[in-house]
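A look at the structure
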Amino acid sequence: MTTMAINDQIMNALPMPVLTVGPEHRIVHANAAAEFFFDMSLRMMLRQKLTDLLPFGSPVMALVEDVRERGSSVSEHRVDIGSPRLGAERIVDVSASPLGDDTDSVILMLQERTIADKMNRQLTHRGAARSITALGALLAHEIKNPLSGIRGAAQLLEQSANEDDRLLTRLICDETDRIVKLVERMELFGEERPVERGPVNIHGVLDHVKRLAQSGFARHIRFVENYDPSLPPVLGNRDQLIQVILNLVKNAAEAVGLDASDGEIILSTAFRTGVRLQVPGSQERVSLPIELSVTDNGPGIPPELMSDLFDPFVTTKVQGSGLGLALVAKIVGDHGGIVECEPAPRRTSFRILLPMHRANDGRGADM
């Protein structure tokens, strides 16, 4: 079997559509998945240009030109290539790469997203968190005041109670305190006031969270740092980003467990050129080059929870409230970023993509 035949066999084995676009945007090759996706035979596709397959003005065309100018790979998330022929809405992630030394030829790989997946994974993660905004405000107003009265009454009873009754009054105080903490966490979902944002050194945030974890809940776990030292600052709010990372690291530590002798949490950062996302309600596409991830070697997340993982009250913990990841999704969404979970056996990774801070002249700020 020739090398070309082997390459064709490999391409056709790939489950996602792959196209090779040559000069003048002509299709010079396509795999079997691309034929199925575009409902067109390879023979017919080789007579087409990319502009014939995609809707007018598609951002994929600009992506191809971007790759030709840069000479490097570029990706875009959640691109709508819907058309009367392809269907009203076809959402795909697009990766484009130059074909070796041939600056005119570009390889396009498409990964289709369903409507439900688009809703779950786009910036509307924060919409799920905000679905309990009114409930949080109601609980804060209607429950915290009577709880304060209940706690005060229990403290008064405790002063004249015997030892057995004091155990009950202490239980009342402890439980009211626990409910107040839960309500206060829910209040955060209703927080809509503008938050001051500026350049944040994400490595400083990660180091701060690591020190907190190692001095408390994760003292038994080994931390591994895989940092990109040249990473520019993130555009964000330091306190909120600490809250996000602290939630993820605490979840990772609880997943590893207290009894694990080989417990490990990996903190990673990287610069991802070309990752962009469309801002809801506009045609603007924002670059999200700053990637950070928190990975643990715990038992993993049940597959049946993955689609709803960032929704409120979804949790794998017996005593958990299910608000931690919903809050993470809200804060990351408010920063204009995205958060994703990449599960694997004995390995769970939460990946966050964020915009970088730019100086007033549009350049990336110095570290």
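Residues numbered from 1 in each chain as written. Predicted model: local features only at pLDDT ≥ 70, side-chain atom pairs only at ≥ 80, totals over all residues. Heavy atoms only, no water.

This is how it is decided: UniProt positions are given in the numbering used here, feature names are shortened, and annotations may be inferred rather than shown by experiment.
Naming follows an unreviewed UniProt entry, where the protein appears as histidine kinase of Microvirga aerilata. The record in UniProt for the protein states the following under Catalytic activity (unreviewed entry): "ATP + protein L-histidine = ADP + protein N-phospho-L-histidine."

What to know about the overall build of the protein
The following threshold applies: Secondary structure is summarised from DSSP: a helix means a run of H or I of at least four residues, a strand means a run of E of at least two, and numbering begins at the N terminus for each. Only protein chains enter the accessibility calculation, which uses a 1.4 Å probe; a residue is then buried when its area is under 20% of its type maximum, exposed when over 50%, and partly exposed in between. By definition in these notes, contact holds between two residues if any of their heavy atoms fall within 4.5 Å. Areas reported here follow the Shrake-Rupley algorithm with a probe of radius 1.4 Å; residue values treat only the protein chains shown as occluding.
When helices and strands are tallied, the protein shows 12 helices and 14 strands. Out of the 367 residues in the protein, the part that is buried amounts to 43%. Sequence-distant contacts, at least 24 apart, represent 63% of the contacts inside the protein between residues at least 6 apart. Accessible area for the protein stands at about 19400 Å²; split by element, carbon and sulfur atoms hold 54% of it.

Observations regarding the sheet that holds strand E7 (residues 222-226)
In sheet architecture, strand pairing relies on hydrogen bonds along the backbone and comes in two forms, parallel and antiparallel. What counts is decided by this rule: Pairs of strands are assigned from DSSP output, requiring at least two bridges between the strands. Each axis is a line fitted through C-alpha atoms, and for a helix only the stretch in contact is used; angles between axes span 0 to 180 degrees, taken between their N-to-C directions.
With respect to topology, five strands assemble into an open sheet ordered E7-E9-E12-E14-E13, the strand pairing being mixed. Looking at which strands have only one partner, the edges of the open sheet turn out to be E7 and strand E13 (338-344). Strand-to-strand twist across the sheet, computed as the mean angle between neighbouring axes with direction ignored, equals 15°. Taken together, the seven bridges between strand E12 (residues 290-296) and strand E14 (residues 347-354) define a ladder with antiparallel strand orientation. Pairing of Asp 296 across the sheet is with Thr 348, part of E14. Along the sheet, helix H11 (residues 238-256) contacts E7, strand E9 (264-271), E12 and E14; its crossing angle with E12, the most-contacted strand, is approximately 25°. Contacts between helix H12 (residues 324-334) and the sheet are confined to E13 and E14, with E13 contributing the most and set at about 140° to the helix.

Re unusual backbone geometry
Backbone geometry places His 25, a non-glycine residue, at a positive phi of 65°. Among the secondary structure elements, His 25 is positioned in the loop between strand E1 (18-21) and strand E2 (27-30). Take His 25: its relative accessible area is 15%, and that puts it in the buried class. Even without being glycine, Asp 39 reaches a positive phi, approximately 55°. Position of Asp 39 relative to the elements: it lies in the loop between helix H2 (32-38) and helix H3 (42-45).

Digging into the nonpolar core
Side chains of nonpolar character tend, in soluble globular proteins, to be buried together. The condition is simple: Definition of nonpolar core: a set of buried residues of the types Ala, Val, Leu, Ile, Met, Phe, Trp, Tyr and Cys, connected through side-chain atoms within 4.5 Å.
Core analysis: the largest hydrophobic core is formed by 39 residues, its most contacted members being Val 244, Ile 245, Leu 248, Val 249, Ile 265, Ile 352 and Leu 354. Listing elements by their share of this core, those giving two or more residues are helix H10 (202-214), H11, E9, E12, H12, E13 and E14. The dominant element in this core, judged by the number of residues it contributes, is H11, at nine residues. Excluding its chain neighbours within four sequence positions, the residues that come into contact with Val 249 are Val 209, Ala 213, Phe 217, Phe 223, Ile 265, Leu 267 and Val 294. Within the second largest apolar cluster, 26 residues are counted, among which are Val 21, Ala 34, Met 45 and Ile 81.

Regarding the environment of Cys 173
With respect to the helices and strands, the residue Cys 173 is situated in helix H9 (residues 163-187). A relative accessible area of 0% means that Cys 173 is categorised as buried. Along the primary structure Cys 173 and Gln 155 are separated by 18 residues, whereas in three dimensions their C-alpha atoms are 7.6 Å apart. Other than its neighbours up to four places away in sequence, Cys 173 contacts Arg 151, Ala 154 and Gln 155.

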